[in-house]
Each structure stands twice: as C-alpha cells, then as structure tokens.
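Chains, contacts and geometry: an overview
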Amino acid sequence: MLRSIHIKAALALAATAICLNPAHAATTVIPTTSFSSYSTFESFWAYLYPWGSDHNGSARMVGSSTDHSHIVLASSTLSLIATPTSNAVPPTSTANPNPAIHYASGAIHAKSQITVTSANSYTLSGDFSAPTLRGTWPAFWLTAVNSWPPETDILETKGTNNNWFNTFNTSSIVKSTLVAWPADLSFHTLKAVLTAEPNNADVKIDFYMDNVFQVSQFGQGFVNKPLWLIINLQMEGSSGTPGPTGTTTYKVRNLQVTRSGS
Ligand SMILES: *[C@@H]1O[C@H](CO)[C@@H](O)[C@H](O)[C@H]1NC(C)=O
Ligand SMILES: *[C@@H]1O[C@H](CO)[C@@H](O)[C@H](O)[C@H]1NC(C)=O
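Chains are numbered independently. Their residues run from 1 in the order of the written sequence. The lettering of chains begins at A and the numbering of ligands begins at 1, in the order of writing. Thresholds applied to this predicted model are a pLDDT of at least 70 for local features of residues and 80 or more for the giving and counting of side-chain atom pairs; totals over whole chains, interfaces and linings are not thresholded and use all residues.

A closer look at the overall build of the protein
Short version of the rule: We count a stretch as a helix when DSSP gives it H or I for four or more residues in a row; a strand needs E for two or more, and each element gets its number in order from the N terminus. Each radius of gyration reported is based on C-alpha atoms, and the globular scaling rule is 2.2 Å times the count of residues to the power 0.38. With C-beta atoms placed from the backbone, the exposure class of a residue follows from how many other C-beta atoms lie within 10 Å of its own: 20 or more, buried; 12 or fewer, exposed; in between, partly exposed. We call two residues in contact when the distance between their C-beta atoms, placed using the backbone, is within 7 Å.
Counting secondary structure elements, the protein contains 2 helices and 17 strands. Over its C-alpha trace the protein gives a radius of gyration of 20 Å, about what one expects of a compact globule, namely 18 Å for 262 residues. Principal-axis analysis of the C-alpha atoms gives the protein an extent of 75 × 40 × 30 Å. When each of the 262 residues of the protein is scored for burial, the buried share is 37%. Here the contacts in the protein between residues at least 6 apart in sequence split such that 66% fall between residues at least 24 apart.

Focus on the sheet that holds strand β10 (residues 151-156)
The strands making up a sheet associate through backbone hydrogen bonding, with each pair oriented either parallel or antiparallel. Rule in force here: Here, a strand pair is defined by DSSP locating no fewer than two bridges between the strands. Interaxial angles span 0 to 180 degrees and are taken between N-to-C directions of axes, which are lines fitted to C-alpha atoms, for helices over the stretch in contact.
Here 7 strands make up an open sheet; going across it, the order is β2-β7-β16-β9-β10-β11-β12 and the pairing antiparallel. Looking at strand neighbours, the two that pair on one side only are β2 (45-47) and β12 (174-180), the edges of this open sheet. Each adjacent strand pair in this sheet contributes to an overall mean axis angle of 20°, direction not counted. Two elements, strand β7 (residues 107-110) and strand β16 (residues 227-235), share 3 bridges in a ladder whose sense is antiparallel. Paired with Ile108 across the two strands is Ile231, which belongs to β16.

Observations regarding the site of ligand 2
Applied cut-off: In this text, near has one meaning. A residue is near a molecule or strand if its C-beta atom, placed using the backbone, is within 6 Å of it. Any residue outside Ala, Val, Leu, Ile, Met, Phe, Trp, Tyr, Cys, Pro, Asp, Glu, Lys and Arg is labelled polar, Gly included; the first ten of those are nonpolar and the last four are charged.
Around ligand 2, the neighbouring residues are Asn56, Thr143, Glu151, Gly237 and Ser238. Class assignment of the residues belonging to the shell around ligand 2 gives a composition of no nonpolar, 4 polar and 1 charged.

Overview of the pairing of strand β8 (residues 120-129)
The two faces of a sheet get side chains in turn, since along a regular strand they alternate between them. Summarising the sheet, β8 and strand β17 (residues 248-261) pair through 9 bridges and their orientation is antiparallel. Each residue of the ladder has a partner; that of Asp127, found in β17, is Arg253. Pairing between β8 and strand β13 (residues 188-196): 8 bridges, direction antiparallel. In the strand pairing of β13, Thr123 is matched with Val193.

Observations regarding the environment of Pro242
Assignment of secondary structure puts Pro242 in the loop between β16 and β17. Counting along the chain gives 14 residues from Pro242 to Trp228, while the straight-line C-alpha distance between them is 29 Å.

Re the environment of Gly237
Along the chain, Gly237 turns up in the loop between β16 and β17. Taking the C-alpha atoms as reference, Gly237 lies 6.5 Å from Ser58; in sequence the two are 179 residues apart. Discounting residues that sit within four places of it in the chain, Gly237 has contacts with Asn56, Gly57, Ser58, Pro99 and Trp137.

Describing unusual backbone geometry
Among all residues save glycine, negative phi is the norm, and among peptide bonds the norm is trans. In the segment running from Val89 into Pro90, the intervening peptide bond is cis, with an omega of -10°. Within the secondary structure, Pro90 is located in the loop between β5 (77-84) and β6 (103-105). Following Trp148, the chain continues into Pro149 via a peptide bond in cis, with omega recorded as -10°. Assignment of secondary structure puts Pro149 in the loop between β9 (136-144) and β10. One non-glycine residue, Ser75, adopts positive backbone phi at about 50°. Tracing the backbone shows Ser75 in the loop between β4 (71-74) and β5. Residue Asn224 is not a glycine yet carries a positive backbone phi of 70°. Along the polypeptide, Asn224 turns up in the loop between β15 (212-219) and β16.

Here we look at the site of ligand 1
Around ligand 1, a shell composed of Asn169, Ile173, Val174, Lys175, Asp202, Phe218 and Gln220 is seen. Here the shell around ligand 1 is built from residues that sort into 3 nonpolar, 2 polar and 2 charged.

Remarks on the environment of Val223
Along the chain, the position of Val223 falls in the loop between β15 and β16. On the neighbour-count criterion, Val223 (20 C-beta atoms within 10 Å) is buried. Placed 20 residues apart in sequence, Val223 and Val203 show a C-alpha to C-alpha distance of 6.0 Å. When near neighbours in sequence (up to four residues on either side) are disregarded, Val223 contacts Val116, Thr117, Ser118, Ala196, Asn200, Ala201, Asp202 and Val203.

Printed below as a string of structure tokens:
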C-alpha cells in the first residue's frame, strides 16, 4: 500500500515536471468545438479570405454573420457550399489572373496567425469530405501574411481523386506529394505538424492521412513568418473547366490547432 502510494506520488511528480517543460505544454489555438455554433465559430474564425472575397478561381466568396448561405454550420460540421451564379458584379475576379466569376462559394480564415519559431511546434488536424469532380478546388492551407511564399497546402484537390500536399519555397520551386483521395465524399483525417529545423530558418512539415505518415516537406526560411490558415472551396482555376452545374459541398469537422512551446 505504502509502496503504491509512493509510486503514485512519483508518477504525479514526473507528470508535473513534463507539464512544466515549456516544450511540452500544449496550447489549444483552435478547439475541436469551433464549429459548434456561430458565436463560437466567430471567436476563432473570420469570414472570406484575409484579403477579401476573390482569388485565382471562378468562385467569389460570400458570407458574414448575417449571411450563412455558403458558409454553414450544422452538427459541429462546417459546410462550404458553391452554387453557379451568373451576371456577377464585377464579372471577373479582382485577384490575379482575374478569371470570370461563375460561382458563389465559401471561405474562412483563422483569426490567429500561425508563426513557427525555434521555440514552438504547431499541429493542425481535422476530418475532411472534399469534392473531386472537375472544376472543384477545395483547400485547407497556410499562406504568407506578408510577402509570398511561405505557402503549404494540407488539403488541395484539383478535380481528380488525389490530394496534393504542397510546400512552396518560391513560386517555381515547389514540392508536391500526391496521395489518393476517394471520390465518395467520405471523411478522411489530415494532419500536419510544423517544426523548426535545427538551422532555425527552415520549417519541416510532416503530413499524415488517416493517421498514417505520408511525407516530410521543408519550407525554406519559414521560421518566424506569420501565416494565415484558410479553408476554402474555390472552383475551376487549377481544377479544370467547366465545373459542375449543380451544388458542390466541402465539409470539415473536428478541426483543431495546437501549439507546443511558445
Ligand atoms: C525548399 O528548401 C528546403 C530548405 O532548404 C529544402 O530542404 C527543400 O528541399 C526545398 N524544396 C524544394 C522543392 O527544393
Ligand atoms: C493560385 O494561388 C495559390 C495560392 O497562392 C497558388 O498555390 C496557386 O499556384 C495559384 N494557381 C493559379 C492557377 O494561379
């Protein structure tokens, strides 16, 4: 009895020591409950892209605290919904390369920026049901707040049954790893762990699908560069044309971002 108490006390002390080590103390940046209600959602996420409604595909993002037609929460699941639109105003995207707008869709970004330093590590994970039809271009990705790149893509399907894990060192020096992605809209778990390399300049990104390690990619000079975390359902662009004539839905649940260290 006494012996077991001593063992318990020793274990408790060991656990305390582990937690006091800043490298091991995990901070929840975005909890798995962030899609449980619009009020919780709005404390962690903002509507559209950080720069507005348009990017390099044919969807213009629509959404606000009073317009949930394309950014929908139900059963703790985020749905981004693209529908064909005609006579968009203005008719072309305001972002390079200014494609014609053919869809209204949804995008959100995390209010907290993500900055990998030599003293921390970030883990991003979630369950994703992503469309794979031609002209559908969903993503879960990190991109530079200041000058681009950094960019690293954890989910990107481009109209085929493949997920693209990408890391950009420059616009032309990019590492892409393609992993089969089923077309049945079933949910699959993706995870990325971002950690500074020993040179305190580059970041290693370890990618997982359904809890199986897939690849490590390396982002040159990504340490100390703030990143936006974005979830969007873009259309056409890199995913081919024409896109679907009906409604397209991209779903995300159990999304979590944690940081260990500072
Ligand atoms: C990007 O830079 C990192 C760090 O130098 C390097 O390890 C990686 O191989 C580079 N990626 C590509 C695609 O060249
Ligand atoms: C669109 O922008 C994304 C994010 O910067 C980039 O990864 C992609 O290469 C661009 N694609 C096209 C077709 O412009």
